[in-house]
Amino acid sequence: MKKEEFLRVFRTVISEEIRNFTAPQPTWMRSSQVREMLNISDSTLQTFRINGTIPAYKLDNMWLYKYDEIIAVLEANRVGRKELSNE
């Protein structure tokens, strides 16, 4: 393989890897991160926490949320989803 061919293939592979790269999501999130993620106010997040819509954990005076649990709540409440049937 010639140098030019190698560089072309290398650039293509690297470009594809960069396009497919997704930053890892944090396991634990603070209230400010959840508010930003969901684009909601502090009072809305507090309401969701109080009524159990979003699971939360308290450590001293800090509220923490699990990223996976927030995604699960969003998925469970998705509007217009079609249930898969085994037919």
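Here is a short report on the structure shown in this document. (Residues numbered from 1 in each chain as written. Predicted model: local features only at pLDDT ≥ 70, side-chain atom pairs only at ≥ 80, totals over all residues. Heavy atoms only, no water.)

1. Digging into the side chain of R49
Structurally, R49 is set in helix α3 (residues 42-50). Among the polar contacts listed, one links the side chain of R49 to the side chain of Y65, at a separation of 2.7 Å. Contact partners of R49, with chain neighbours within four places excluded, come to S31, I54, A56, W63 and Y65. (Helix = DSSP H or I, 4+ residues; strand = E, 2+ residues; numbered from the N terminus. Polar contact = N/O pair within 3.5 Å; in protein donor to acceptor, adjacent residues only side chain to side chain. Contact = heavy atoms within 4.5 Å.)

2. Some thoughts on the side chain of S31
Residue position: S31 is located in helix α2 (residues 31-38). The exposure class assigned to S31 is buried, which follows from its relative accessible area of 15%. If we skip the residues at most four places from it in the chain, S31 touches L45, R49, W63 and Y65. (Buried < 20%, exposed > 50% of the residue type's maximum accessible area, 1.4 Å probe, protein only.)

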